[in-house]
Amino acid sequence: MKTIDDFNFEDKKALIRVDFNVPLNENLEVTDLTRIEAAKPTIVKILEDGGSAVLMSHLGRPSGPEEKFSLKNIVDAASDVIGVQVKFVGDCVGEEVQQAVADLQNGEVLLLENLRFHKEEKAGDKDFATELAKNGDIYVNDAFGSAHRAHASTAIIADFFPDKKCFGYLLSKEIESLQKVLGSSEKPVTAILGGSKVSSKITVIENILDKIDHLIIGGGMSFTFVKAMGGQIGNSICEDDKQDLALEILKQAEEKGVKVHLPVDVVCADSFSNDANTQVVDIKAIPDGWEGLDAGPKTNVGFSFVIAQSKTILWNGPVGVFEMPKFAKGTIEIGNAVADATAEGAFSLVGGGDSVAAVKQFGFADKVSYVSTGGGAMLEMLEGKTLPGIAAIMS
Ligand code: AMP
């Protein structure tokens, strides 16, 4: 795996695919700098080597050039974060761009206009990639959030840099973290899967069963398992057509020696609301008219006990409707347990969707080993898929 540490960028122009798809408010100001901050170490290394950085990214889902999706809107924020006045050019291909790249001096940063102003970007168009490739000497991919897309700037372009392509720090850290969890991990390895639907996690479960010792299943998806095993789940969320599959997963887990932990009790509510009446009941005996919205106290103790024994932890998906304070306790307890295990030396990776929002919201982001930046990309890696953006650098 080639990373930017394998190159010296002195007098070189690095063409970096970053993920600056940041949220903007109605005044077109950046409201969350996380993605820009995440790209900073890569840019700084290149500048410190004595090179220059040409940044390319998408922003939003424009159907063509649109002012509100212009990357010009983020120049000030990017300059503040990177600590260098970022230059900007109003396109990502063409003569004007090539001139701006040619004029770029060592130590300078140039941001190109939104790649998705050209439909050829998402189409993975080879001619467009040829034009993009003219904008640098070495291609660096640091956009994990887009690594599962075979777009011109994330994958196709790499062909034009046969010996001069590498991963930036962010993308290499994502790959390393996942390899730590699913590769030669320190045992016991525990995966915590929550969220609303079994159907969206099936491929993940099938892929990780060979690599884990414990599987904690919580949140909305647990009710499909409980019902399949004969429990009464009241009005709880359930995918009836996935019950056979749930039983099949339990059978596979047993055959592979994976211990599955399901909730034993649940906080249920008489409506899907923070103002609902609640009661704690056995997970297999939820009264009609009530729905399970958070893990119960016995479940929290049990899950925390398993997590405390673990040396490697993967967490994907909340174990309750954490967006409502009344049903956030289970997810907070998981966060506490993962943070404690990490403090005791375990490696913990949180990734793929809402669990990332949860760890940030409840202040656990600094207490786990790694928080993935790419929802869809991380899920596809957990499913065992080869991501085009990663394959293009590896080949
Ligand atoms: P996912 O995108 O599949 O990871 O699901 C995340 C969503 O699952 C969050 O918005 C949670 O509110 C939701 N969720 C977790 N537990 C439950 C539950 N018991 N009932 C309904 N939704 C849930």
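All of these numbers come straight from a predicted model, not from anything done at the bench.

Criteria and cut-off values
Residues numbered from 1 in each chain as written. Predicted model: local features only at pLDDT ≥ 70, side-chain atom pairs only at ≥ 80, totals over all residues. Heavy atoms only, no water. Near = heavy atom within 4 Å. Polar contact = N/O pair within 3.5 Å; in protein donor to acceptor, adjacent residues only side chain to side chain. Nonpolar A, V, L, I, M, F, W, Y, C, P; charged D, E, K, R; others polar. Helix = DSSP H or I, 4+ residues; strand = E, 2+ residues; numbered from the N terminus. Buried < 20%, exposed > 50% of the residue type's maximum accessible area, 1.4 Å probe, protein only. Lys, Arg positive; Asp, Glu negative; His and termini not counted. Salt bridge = Lys/Arg side-chain N within 4 Å of Asp/Glu carboxyl O. Contact = heavy atoms within 4.5 Å. Domains from an automatic or database assignment. Buried area = accessible area lost by both parts, 1.4 Å probe. Pairing = 2+ DSSP bridges. Axes fitted to C-alpha atoms, helices over the stretch in contact; angles between N-to-C directions.

Engineer: Help me understand the site of the ligand, please; the structure alone is not making it clear to me.
Structural biologist: The environment of the ligand is made up of 15 residues, and the closest members are S196, G220, G292, E323 and D354. Between an oxygen atom of the ligand and a main-chain N or O atom of S196, the distance comes to 3.0 Å. E323 is positioned with one of its side-chain polar atoms (N or O) 2.5 Å from an oxygen atom of the ligand. Considering only residue class, the shell around the ligand consists of five nonpolar, seven polar and three charged.

Engineer: Would you explain the side chain of D294 in this entry?
Structural biologist: Along the chain, D294 falls in strand β14 (residues 291-295). Despite its burial, D294 remains without a salt bridge, the nearest opposite charge being carried by K329 at 7.7 Å. Once you skip the residues sitting within four places of it in the chain, D294 turns out to touch V266, V267, V319, G320, K326, F327, A328, K329, G330 and T331.

Engineer: Please explain the domain arrangement of the chain as it appears in this structure.
Structural biologist: The figure often quoted for interface size is the accessible area lost as the parts come together. As far as domains go, the chain holds domain 1 (4-171) and domain 2 (183-382). The gap between the C-alpha centroids of domain 1 and domain 2 is 37 Å. Overall, the association of domain 1 and domain 2 removes approximately 620 Å² of surface from exposure, summing both partners, and the carbon and sulfur fraction of that is 65%. Viewed at the interface, domain 2 and domain 1 are joined by zero salt bridges. The interface formed by domain 1 and domain 2 holds zero residue pairs in polar contact (both at pLDDT 80 or more) in total.

Engineer: Please clarify how the environment of S79 should be interpreted in this entry.
Structural biologist: In this structure, S79 sits in helix α2 (residues 75-82). The exposure class of S79 is buried, given its relative accessible area of 8%. Linking S79 and I36, residues 43 residues apart in sequence, is a C-alpha distance of 9.8 Å. A distance of 2.8 Å separates a polar side-chain atom of S79 from the backbone oxygen of V75. A polar side-chain atom of S79 sits 3.0 Å from the main-chain amide nitrogen of V86.

Engineer: Would you mind going over the side chain of N135 with me for this structure?
Structural biologist: Note that N135 resides in the loop between α5 (126-133) and β5 (138-141). A polar contact of 2.9 Å, which involves the side chain of N135, links it to the backbone oxygen of C92. Dropping the residues within four chain positions of it, N135 is found in contact with L15, V54, C92, V97, Q98, V101 and L112.

Engineer: Which parts of the structure should I look at to understand the sheet that holds strand β12 (residues 278-282)?
Structural biologist: Sheet strands pair by backbone hydrogen bonding; their relative direction is either parallel or antiparallel. The three strands lie next to each other as β12-β11-β14, forming an open sheet whose pairing is antiparallel. Every interior strand has two partners, whereas the edge strands, β12 and β14, have only one. Taking the axes of each pair of neighbouring strands and ignoring which way they run, one obtains an average angle of 45° across the sheet. Bridge analysis of strand β11 (residues 265-269) against β14 gives four bridges, and the strand direction is antiparallel. When the sheet's bridge partners are listed, V267 is paired in β14 with D294.

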